[in-house]
Amino acid sequence: MLATTGWTAVHRPEAGAAPRAAALAAWAAARIDGRPLPSADAPVRTVARFFAGLDGVQRARLADGYPLVVGNLDGTPATTRYRANRRALEQAGRIEKARGRDVTLTPADRATADRRAHRFASLLEPGRQILAFDPTGGGLAAEVFGDLDRARRVSVVVPGVDTDLLTFERTQRRLTAPVGMARSLYEAQRAAAPDSRTAVIAWAGYTAPIGLGIDAATGRLAVEGAVRLESLAAALPGDASVALFCHSYGSVVCGVAAHALPDRVTDLVVAGSPGMRAENTADLDTSARVWAARDAGDWIADVPHLEVGGVGHGADPVSPDFGARLLSSAGAKSHTGYFQPGTASLDNFAKIGTGAFGSIVCATGDDACRREISGTDGD
């Protein structure tokens, strides 16, 4: 089946030495004014309680002293994480610039170092709010658009295959990258509901498969990503409701995470999904509304929607038997066009993200996807 459906046996290479390792060891032994620091894997509530007991100067000291830990620590205030990740990006940029000049490295490795240094410099541009950054291996990142602390509604874009630090944003084919998707969604939300207090997160916070290989056809990386996604959702500040917009393999991550997501996650939207490792919405065991969209020209429709021996991701989310609310994606044009301005898919995503459910356009041409939703507009 792998050979006939385009799932080729391409494996993600093993990551090199972890830049965070030394930072984690130092964090474990550190104190702040005599107080021990919470474990880097402590529950979100424990971390939040710890930082709530610190003043601004103490938070800044930890952000500056342990940026690779603080910048990725769910439960830490967003502004503290932004500061930490600026420090981490500055440090990582210096390392990559040095590697780019290191004649003992291969030309290919030097070129990769130069590309990474360029990407880190871009993420350091004024005004950018980097919620997560880890340069280990292919790297992890997340960026916020809008005021996360004041948002009443938060949207999270969960991308699919071939997502790492180098592809977190793109100059060409901008809307195929997490940053382009999230920025497009945020701009659409602002246009649709200018007074709505929303924020959008481009979340590349898990190790995604490389290419359409065996990792993309199985759930191993989705299981690991689901744990990180659950932590993110639990750690978002305030009491904002959360909508997840899960593209391609990102929908597998969302499907695996669904049963453990907090109740604040009210909407789970999948686009171009190969499956959610569930047979129907009831199998997801979530209180969130489940929405699905697929463009008529999306090649993902040709992937067998089944699971055999751990290969494949189960039922098709746009099939009637699955039970998702089916969204129009008119104009999306293929697998990567769902966040393109002017498409019905982006327009629908913006309406879900702002709570304007009454004007959503259903794939069936009637009001079937909008039924039994109380409250048609958000604030």
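Up top is the structure these notes are about.
Residues numbered from 1 in each chain as written. Predicted model: local features only at pLDDT ≥ 70, side-chain atom pairs only at ≥ 80, totals over all residues. Heavy atoms only, no water.

All chains considered together, the criterion is met by two disulfides. Put simply, Cys 362 and Cys 369 are joined by a disulfide, and their sulfur atoms are 2.0 Å apart. Sign of the S-S torsion, about -85° for the bond between Cys 362 and Cys 369, identifies this disulfide as left-handed. Each disulfide in the chain links cysteines that, numbered along the sequence, combine into the pattern 1-2, 3-4. (Disulfide = S-S within 2.5 Å.)

Contact pair helix α4 (residues 56–65) / helix α6 (residues 78–100): the axes reach a minimum separation of 8 Å and the direction vectors enclose 30°. Relative to α6, the element α4 is oriented roughly parallel. As α4 runs across α6, the sense of the crossing is right-handed. Where α4 abuts α6, its residues Arg 59, Ala 60, Ala 63 and Asp 64 lie against Thr 80, Arg 83, Ala 84 and Arg 87. Split into classes, the residues belonging to the contact of α4 with α6 amount to three nonpolar, one polar and four charged. (Axes fitted to C-alpha atoms, helices over the stretch in contact; angles between N-to-C directions. Helix = DSSP H or I, 4+ residues; strand = E, 2+ residues; numbered from the N terminus. Parallel < 35°, antiparallel > 145°, perpendicular 65-115°, else oblique. Left-handed = near helix turned anticlockwise from the far one by under 90°. Contact = heavy atoms within 4.5 Å. Nonpolar A, V, L, I, M, F, W, Y, C, P; charged D, E, K, R; others polar.)

Tallied over the entire structure, the rule returns seven aromatic pairs. For the ring pair Trp 27 and Tyr 66, a centre distance of 5.5 Å and an interplane angle of 80° mean the geometry is edge-to-face. In this pair, Trp 27 is assigned in helix α2 (residues 20–29) and Tyr 66 in the loop between α4 and α5 (67–70), connecting sequence segments 39 residues apart. With a relative accessible area of 2%, Trp 27 lands in the buried category. A ring pair is formed by Phe 339 and Phe 349, whose centres lie 5.2 Å apart and whose planes are at 55°; its orientation type is tilted. Pair noted here: Phe 339 is in the loop between β10 (325–326) and α13 (344–354) and Phe 349 is in helix α13, with a separation of 10 residues, a long-range link. No difference in accessibility class separates Phe 339 from Phe 349, as the two residues are buried. One aromatic cluster is present, built from ring pairs that chain together Phe 245, Phe 339 and Phe 349. It is Arg 289 that lies over the ring of Phe 357; its NZ or CZ is 4.5 Å from the centre. Note that Arg 325 overlies the ring of Trp 291, its terminal NZ or CZ placed 5.7 Å from the centroid. (Phe/Tyr/Trp six-rings, centres within 6.5 Å; stacked < 30°, edge-to-face > 60°. Buried < 20%, exposed > 50% of the residue type's maximum accessible area, 1.4 Å probe, protein only. Lys NZ or Arg CZ within 6 Å of the ring centre and 35° of its normal.)

Once that is clear, we can look at unusual backbone geometry. A positive phi is found at Asp 162, a non-glycine position, where the angle reads about 60°. Here Asp 162 shows up in the loop between β5 (153–158) and α8 (178–192). Under the relative-accessibility criterion, Asp 162 is labelled partly exposed at 36%.

A few words on the pairing of strand β6 (residues 198–204). Of all seven residues in β6, seven are buried; the element is thus mostly enclosed. Covered by surrounding structure in β6 are Thr 198, Val 200, Ala 202 and Ala 204 together with Ala 199, Ile 201 and Trp 203, the residues of both alternating faces. Pairing analysis gives six bridges linking strand β4 (residues 140–146) to β6, with the strands arranged antiparallel. Bridging across to β6, Phe 145 finds its partner in Val 200. Pairing of β5 with β6 involves five bridges; the strand directions are parallel. Opposite Ser 155, over in β6, you have Val 200 as the bridge partner. Taken together, β5, α8 and β6 form a β-α-β motif whose crossover is right-handed. (Pairing = 2+ DSSP bridges. Right-handed = clockwise from strand over helix to strand, strands pointing away.)

Counting across every chain of the model gives 15 salt bridges. A salt bridge links Arg 116 to Glu 96; the nearest nitrogen and oxygen atoms lie 3.0 Å apart. Of this pair, Arg 116 sits in helix α7 (residues 107–123) while Glu 96 sits in helix α6, placing them 20 residues apart in sequence. The buried category is assigned to Arg 116, whose relative accessible area is 10%. Of the charged contacts in the structure, one is a salt bridge between Asp 215 and Arg 220, with a shortest N-O distance of 3.2 Å. What makes Asp 215 buried here is its relative accessible area of 7%. Through salt bridges with shared partners, one network takes in Arg 119, Arg 128, Glu 143 and Glu 169. (Salt bridge = Lys/Arg side-chain N within 4 Å of Asp/Glu carboxyl O.)

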